[in-house]
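Structural characterization, general
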Amino acid sequence: QVQLVESGGGLVQAGGSLRLSCAASGRTFSSNAMGWFRQAPGKEREFVAAISGSTYYADSVKGRFTISRDNAKNTVYLQMNSLKPEDTAVYYCAAHYGGSYSVRSSYRVWGQGTQVTVSS
């Protein structure tokens, strides 16, 4: 069974940092681009970052967040610095299967999400 499991979320003060991890099991995703999305209460799930041979970021996180991957560990990371209250959301990782990296429908396998809460 293919599975993605996110971890590393939590409560942090504005200006703080968190590192999210997304561990894959059941198969390797080293040949897939991987992405991070987030969903705040009452809002649509939105693109945050993606990694293939290059990295891609939403404008709202560019310069603050860094996506990386360790194929030997079958794990993708999202380092989040200078966090703001508006970054509060459930963060999801997903495996890309084709199409634009910033579009939700380009991804098929999704994790269950990890909550990130940034207090002001």
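Residues numbered from 1 in each chain as written. Predicted model: local features only at pLDDT ≥ 70, side-chain atom pairs only at ≥ 80, totals over all residues. Heavy atoms only, no water.

Topic: the overall build of the protein chain
Regarding its fold elements, the protein chain presents zero helices and eleven strands. Along the protein chain, from the amino end to the carboxyl end, the secondary structure elements read β-β-β-β-β-β-β-β-β-β-β. Rg of the C-alpha trace for the protein chain: 13 Å, near the compact-globule value of 14 Å for 120 residues, within the 12% margin. A principal-axis box enclosing the C-alpha atoms of the protein chain has dimensions of 40 × 25 × 25 Å. Put simply, the protein chain has 120 residues, and 45% of those count as buried. Nonlocal contacts in the protein chain, meaning residues at least 24 apart in sequence, comprise 58% of its contacts between residues at least 6 apart. Accessible surface, the protein chain as shown: approximately 6,000 Å² in total, 46% of it carbon and sulfur. If you average the places of the 12 positive and of the 7 negative side-chain charges in the protein chain, the two averages end up 5 Å apart. (Helix = DSSP H or I, 4+ residues; strand = E, 2+ residues; numbered from the N terminus. Rg over C-alpha atoms; globule rule 2.2 N^0.38 Å. Buried < 20%, exposed > 50% of the residue type's maximum accessible area, 1.4 Å probe, protein only. Contact = heavy atoms within 4.5 Å. Areas by Shrake-Rupley, 256 points an atom, 1.4 Å probe, with all protein chains shown as cover. Lys, Arg positive; Asp, Glu negative; His and termini not counted. Charge placed at Lys NZ, Arg CZ, Asp CG, Glu CD.)

Considering the sheet that holds strand E1 (residues 3-7)
The antiparallel open sheet is built from four strands, whose spatial order is E1-E3-E8-E7. Two strands bound the open sheet, and with one partner strand each, they are E1 and strand E7 (65-70). Along the sheet, successive strands turn relative to each other by an average axial angle of 15°, direction set aside. With six bridges connecting them, E7 and strand E8 (residues 75-80) associate as antiparallel partners. Across the sheet, Arg-69 pairs through a bridge with Val-76, a residue of E8. (Pairing = 2+ DSSP bridges. Axes fitted to C-alpha atoms, helices over the stretch in contact; angles between N-to-C directions.)

The values are spatial; any link to function lies outside them.
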